[in-house]
Structure formats: C-alpha cells, structure tokens
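Residues per chain, in single letters:
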Amino acid sequence: PAPAGARSGAVYEGGLVRPGHRMDWRDLSPVTRAFERAGVPLDLYVKPRMARWYPRVQGRLPYLELLRRLARYEFGWIGTDRPCEKGEAAVPNKLWDYAAAGVVPVICNCPAAAAAFGEGAIVASSAADALEQMAAADPAALRAAGRPRYMDDEVAGLLELYGALL
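Every value quoted in this text rests on a predicted model; they were computed, and no experiment measured them.

Draft legend 1. Up close: helix H2 (residues 63–70). Listed in full, the buried residues belonging to H2 are Leu66, Leu67 and Leu70. When H2 is viewed along its axis, its buried side chains cluster within an angular range of 100° and face the same direction. The exposed set on the far side of H2, more than 90 degrees from its buried face, consists of Leu64 and Arg68. Each element contacted by the buried residues of H2 is listed here: strand S1 (10–13), strand S2 (42–45) and helix H4 (94–100).

What follows is the structure, encoded as structure tokens:
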C-alpha cells in the first residue's frame with residue numbers, strides 16, 4: 001500500500017465499451033463526465049483503444065503491476081451511473097483487487113457488491129451522489145472500517161471453520 005497521504009484520485013480497472021454501446025453497463029461515459037466536471041481525476045486501466053472515447057486511459061497492465069498501481073489511488077469505481085439489470089447481482093473481481101490494494105471501493109448501483117463488501121465502502125446511487133460522498137469521506141476511516149481482505153485471512157478462516165466442523 002501507498003504511504004499515508006500519498007493516495008489521491010480515483011481509479012477504474014476492467015472492461016469498458018465505447019459510449020452508446022448496447023452493453024450499457026460497461027459504458028462509463030456518464031461517470032467520466034461527472035468526474036471531469038467535479039475536477040476529480042479518474043484513471044482508467046482499460047484497453048488503450050478506449051482513449052478515443054475516454055480521458056485518462058492508462059492502458060492494461062500485468063496483474064501484479066496493476067495491484068501496485070492501484071495502491072496509488074484513494075477510491076476505486078465499481079458500477080454504473082444509473083441502475084441496470086446487470087448491476088443487480090454483479091460482484092466484480094475489481095472489488096477485491098481494490099480491497100487488496102487498500103483502495104476504498106465506490107460502489108454505485110451494484111447492491112450485491114455492496115452487500116458482499118460490507119463496511120468500508122462508499123455506496124451510491126449515481127456518480128453525483130458518489131462524488132458528494134467521496135468529498136465528505138474519511139478514506140482512512142473507511143479503510144479501517146473494512147476488515148483486511150487478504151487471501152491468507154480467508155484461508156485461515158476456512159481452516160478454522162473446517163476444524164470446528166470436523
């Protein structure tokens with residue numbers, strides 16, 4: 001993780017489509033416009049060709065390098081600007097990537113992801129709502145509220161459970 005005070009801005013990593021595409025749950029143009037208007041940087045780790053439609057495209061990285069880069073950010077975007085059917089049940093892997101890097105998830109219109117993560121995330125109904133909550137948030141307190149989510153912790157928990165059951 002980044003040293004205290006070294007984190008800034010927001011990040012999105014994952015799939016993305018051009019604005020107006022039929023897979024609207026991956027069209028982040030309303031989100032990127034809202035962040036631009038608010039003056040909040042939102043870096044996108046997506047296919048380089050998306051730079052044609054989106055600002056701040058950083059390209060794709062090998063997974064371990066991506067995790068190191070994620071640790072530079074305060075917030076990580078998950079979801080869509082408005083509710084969509086796909087978001088109802090989605091619990092994207094990026095949620096756990098953000099958690100592993102100490103990035104506060106900003107979960108918008110993804111109730112299953114919000115329920116799976118629990119405390120320590122910002123849960124919003126729109127990009128504007130998310131930006132308001134981000135501005136008022138104490139990211140360090142949010143990180144502290146969410147229990148650490150590391151594979152070793154999960155394995156240890158499973159071993160305890162199996163030991164109790166056997």
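Draft legend 2. View of a nonpolar patch on the surface. A contiguous nonpolar patch, built from Tyr162, Leu165 and Leu166 and spanning about 430 Å² of accessible area, is present on the exposed surface. Here Leu165 shows up in helix H8 (residues 151–165). Among the residues examined, Leu165 registers a relative accessible area of 63% and is labelled exposed.

Draft legend 3. Spotlight on the pattern of salt bridges. Counted according to the given criterion, the structure contains four salt bridges. The partner of Asp43 in a salt bridge is Arg56, with the nearest N and O atoms 2.6 Å apart. Of this pair, Asp43 sits in strand S2 while Arg56 sits in the loop between S2 and H2; the two residues are 13 residues apart in sequence, bridging distant segments of the chain. By relative accessible area, which is 44% here, Arg56 ends up partly exposed. Close ionic contact of Glu74 with Arg143 constitutes a salt bridge, the shortest N to O distance being 3.0 Å. In this pair, Glu74 is assigned in the loop between H2 and strand S3 (75–79) and Arg143 in helix H7 (residues 139–145), connecting sequence segments 69 residues apart. We classify Glu74 as buried; its relative accessible area is 14%. Taken together, the shared-partner salt bridges connect Glu65, Arg68 and Arg69 into one network.

Cut-offs applied
- By convention here, each chain's residues receive numbers from 1 onward along its written sequence.
- Under the rules for a predicted model, residues below a pLDDT of 70 receive no local features and side-chain atom pairs below 80 are neither given nor counted, while totals for whole chains, interfaces and linings still include all residues.
- Excluded from the side-chain calculation are hydrogens and water; included are all heavy atoms of the structure.
- Each residue is assigned to one of three classes by its accessible area relative to the maximum for its type, calculated with a 1.4 Å probe on protein chains only: buried under 20%, partly exposed between the two thresholds, exposed over 50%.
- By the criteria applied, helices consist of DSSP H or I runs no shorter than four residues and strands consist of E runs no shorter than two, each listed in order from the N terminus.
- Note: the arc covers the axis-to-C-beta directions of the helix.
- By definition in these notes, contact holds between two residues if any of their heavy atoms fall within 4.5 Å.
- Think of a patch as exposed residues, more than 30% relative accessible area, with no salt bridge, where like charges cluster within 9 Å and nonpolar side chains (Val, Leu, Ile, Met, Phe, Trp, Tyr) cluster within 5 Å.
- Using a 1.4 Å probe, the Shrake-Rupley method yields the accessible areas, and only the shown protein chains count as cover for residues.
- The rule for a salt bridge is simple: a side-chain nitrogen of Lys or Arg has to be within 4 Å of a carboxyl oxygen of Asp or Glu.

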